[in-house]
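Structural overview for review
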Amino acid sequence: MTLTGELLIGQRAVTGTQAAIEAVNPATDEKLEPAYAGGSKADVEQACALAWEAFDSYRETSLEARAIFLETIADEIEAIGDDLIERAMAETGLPQARLTGERGRTCGQLRLFAKVVRAGEWLDVRIDPAQPERQPMPRVDLRQRHIALGPVAVFGASNFPLAFSVAGGDTASALAAGCPVIVKAHSAHPGTSELVGRAVQKAVKSCNLPEGVFSLLFGSGREIGQALVLDPRIKAAGFTGSRSGGTALWKLAQGRPEPIPFYAEMSSINPVFLLPSALGTRGEEIAWGFIASLNMGAGQFCTSPGLVIAEKGPALDSFIQTARDALQESASQTMLTSGIFEAYQQGISKLTQHGQVQEIARGKTGDTPNQCQAGLFMTKAADFLADETLQEEVFGSSSLIIECANASEVAQVAEHLEGQLTATLQMEDADVDVARQLLPILERKAGRIMVNGWPTGVEVGHAMVHGGPFPATSDSRTTSVGTAAVYRFLRPVCYQDLPAALLPEALKDNNPLGLSRLYDGQREAVR
Ligand code: NAP
């Protein structure tokens, strides 16, 4: 498929008028054709006007029609074939197998949301029928369902060019909820974004949906992103990226005359606690698992294990020895962009120059551009507790081991942590009592707590939580991965004493959609 470098506004392809973005192959630093001239505020205005026009009709599409739309997007993405993988490889430096897997995840996610839409649970229908005879006061008829919030702005992430980008989790969940979507493409992979954007555009057309259901804008220099968040027709936004970018946009969203939900997934260092019995009995195996997780995708995962916490002693010493040997053998890997590489280098230099931090090992160097040379460091709990900067995310393969004097210091470190996407316990049965002490602390800190696994690799399912307290995200009440993500873009509406002729299908007495509903406090059987 030939790339044109145009913005996609509804069904039109439009040449931008602002400074152009050029994709760069991070493995060679070579520019990739075509240039993407940036959009203007007028383009944002156009996309928002179309999205608003589409909203009322799109949010009332039948469950079946909306599910078919999501499935059609997945089919269209697959139909792009190898061109998509090749372009994504050139723009991100990520290997073919990873991107092929990510495409599978992206399409699987769209099809999973199609199933969610069909089942209709997300409508969360509740009916409290009228009780005219109730004493001392009659009861009114109350019926509740969820409706879509309105047009949603999505900021594609740099580190998942498919699964967290143009048709990624934020877009899939917003479309499933019934919200039109306007994507601000990440400037690091505009060609991949155009390919996927055109697939969504085609699906909108073949499903006979209003054109404003989807638009894709390009542009760097913040103007497009800020204009989108400030547009009064945008009613929510999803973001994955840096803490500074996410916080700036979240503040902008809260400062609007009508503040809106801004779901930013930002920064997490994903602590791993090595409990004494596990460390003593299988320290070596844990060390290999840890280094494998740390090196995955050059550590450019929001769930990369950036912190390891354990009590000092011979078991920790031998864990460190094995981790050092494994890390020294790690090949260098190309990072996503030169900007991310530079930020990584700065983070690593801060650690190497820190008086209380000891370098344990570095991975192999590379001789091509933007190479991540993995790093493993160590400090004492007292020094970690005394310096907030040691909690800062170093995006890339980098991890800090915290040596604690005893179990109480381990708990102190846990208590000191900022909000996290994940917390991991490496433990044996004999560690249960220590784990039980830590669990209430970790519940307050993290969105997902796991035992004897590694945080990288986030299952897309119904029970997944990819979220957590700030700075992991801007809103700890939700998840950006998994089917529960749909609830971010919905709100409840209650209908009191509406005549049958005005009631939405989902709320009618005869339950024509066959939904599972809460009727007078009792769960109705699904038909
Ligand atoms: P980013 O700089 O936050 O950019 C993400 C997106 O938001 C881009 O489209 C960017 O637009 C836009 N943006 C950022 N700040 C903005 C602002 N103030 N106003 C308007 N738009 C704004 O993230 P990135 O480029 O993906 O990576 C940079 C750093 O983010 C990494 O080094 C890493 O530290 C962190 N990161 C973390 C995660 C995670 O999951 N924890 C994931 C990815 C990145 P432009 O195109 O104009 O830049």
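Criteria and cut-off values
- Residues numbered from 1 in each chain as written.
- Predicted model: local features only at pLDDT ≥ 70, side-chain atom pairs only at ≥ 80, totals over all residues.
- Heavy atoms only, no water.
- Domains from an automatic or database assignment.
- Buried area = accessible area lost by both parts, 1.4 Å probe.
- Salt bridge = Lys/Arg side-chain N within 4 Å of Asp/Glu carboxyl O.
- Nonpolar A, V, L, I, M, F, W, Y, C, P; charged D, E, K, R; others polar.
- Phe/Tyr/Trp six-rings, centres within 6.5 Å; stacked < 30°, edge-to-face > 60°.
- Lys NZ or Arg CZ within 6 Å of the ring centre and 35° of its normal.
- Helix = DSSP H or I, 4+ residues; strand = E, 2+ residues; numbered from the N terminus.
- Buried < 20%, exposed > 50% of the residue type's maximum accessible area, 1.4 Å probe, protein only.
- Contact = heavy atoms within 4.5 Å.
- 1 Å grid on protein atoms, 1.4 Å probe; cavity = no way out; pocket = protein on both sides within 12 Å on 5 of 7 lines; lining within 4 Å.
- Points joined across faces, edges and corners; volume = space filled by probe spheres on them.
- Pairing = 2+ DSSP bridges.
- Near = heavy atom within 4 Å.
- Polar contact = N/O pair within 3.5 Å; in protein donor to acceptor, adjacent residues only side chain to side chain.
- Areas by Shrake-Rupley, 256 points an atom, 1.4 Å probe, with all protein chains shown as cover.

Attention now moves to the domain arrangement of the chain. Considered domain by domain, the chain is made up of domain 1 (8-266 + 478-488) and domain 2 (271-451). A C-alpha centroid distance of 33 Å is found between domain 1 and domain 2. Here domain 1 packs against domain 2, burying approximately 1200 Å² in sum over the two surfaces, 56% of which is carbon and sulfur. One can count 1 salt bridge joining domain 1 with domain 2. Glu 418 serves as the salt-bridge partner of Arg 243, at 3.0 Å between the closest nitrogen and oxygen. The residue makeup of the side of domain 1 that touches domain 2, split by class, is 6 nonpolar, 5 polar and 5 charged.

Further remarks concern the packing of aromatic side chains. Summed over the entire model, instances satisfying the criterion amount to 11 aromatic pairs. Chaining the aromatic ring pairs together yields one cluster made of Phe 155, Phe 239 and Phe 262. One cation-aromatic arrangement involves Arg 98 over Phe 160; the distance from NZ or CZ to the ring centre is 4.6 Å. The ring of Tyr 263 carries Arg 488 above its face, with NZ or CZ at 5.6 Å from the centroid.

Attention now goes to the side chain of Thr 106. The topology assignment puts Thr 106 in helix 4 (residues 96-119). Using a relative accessible area of 2% as the deciding quantity, one classes Thr 106 as buried. Once residues within four sequence positions are removed from consideration, Thr 106 is found in contact with Leu 162, Ala 163 and Ala 167.

This paragraph deals with the layout of surface pockets. What the second largest pocket holds in volume is close to 230 Å³. Residue lining of the second largest pocket: 17 residues in total, with Arg 59, Glu 60, Thr 61, Leu 63 and Arg 145 positioned closest to the centre. Secondary-structure elements contributing two or more residues to the lining of the second largest pocket are helix 2 (63-80) and strand 6 (142-148). Per element, the largest residue contribution to the lining of the second largest pocket is 4 residues, and it comes from strand 6. Here the lining of the second largest pocket is composed, by residue class, of 9 nonpolar, 3 polar and 5 charged.

Turning to the pairing of strand 12 (residues 271-274), a few remarks are in order. Side-chain alternation along strand 12 places Pro 271 and Phe 273 on one buried face and Val 272 and Leu 274 on a second face that is also buried. Bridge analysis of strand 12 against strand 13 (residues 307-311) gives 4 bridges, and the strand direction is parallel. What sits directly across from Phe 273, in strand 13, is Ile 309.

Our next topic: the site of the ligand. Taken together, 24 residues surround the ligand, and among them Ser 158, Ser 187, Ser 242, Met 266 and Cys 302 come closest. Within the side chain of His 186, one N or O atom sits 2.9 Å away from an oxygen atom of the ligand. At a separation of 3.0 Å, an oxygen atom of the ligand approaches a polar side-chain atom of Arg 222. Considered on its own, the ligand offers 870 Å² of accessible surface; in the complex 87% of this is hidden by protein. Put simply, the parts of the chain that give the shell around the ligand at least two residues each are strand 10 (236-240), helix 8 (243-254) and helix 11 (338-353). Ranked by residue count, the leading element in the shell around the ligand is helix 8, at 3 residues.

Mapped onto the fold, Glu 91 is located in helix 3 (residues 82-92). Judged by its relative accessible area of 1%, Glu 91 falls in the buried class. Setting aside anything within four residues of it in sequence, one finds Glu 91 in contact with Ala 23, Val 24, Pro 26, Leu 32, Ala 188, His 189, Pro 190, Gly 191, Thr 192 and Leu 336.

This part is about the sheet that holds strand 23 (residues 522-523). Strand order in the open sheet formed by 5 strands is 21-6-5-22-23, with mixed pairing between adjacent strands. In this open sheet, the two strands that pair with only one neighbour each are strand 21 (490-496) and strand 23. Judged from the 2 bridges that link them, strand 5 (residues 126-128) and strand 22 (residues 518-519) form a sheet pairing that is parallel. By the bridge assignment for strand 22, Arg 126 is matched with Leu 518.

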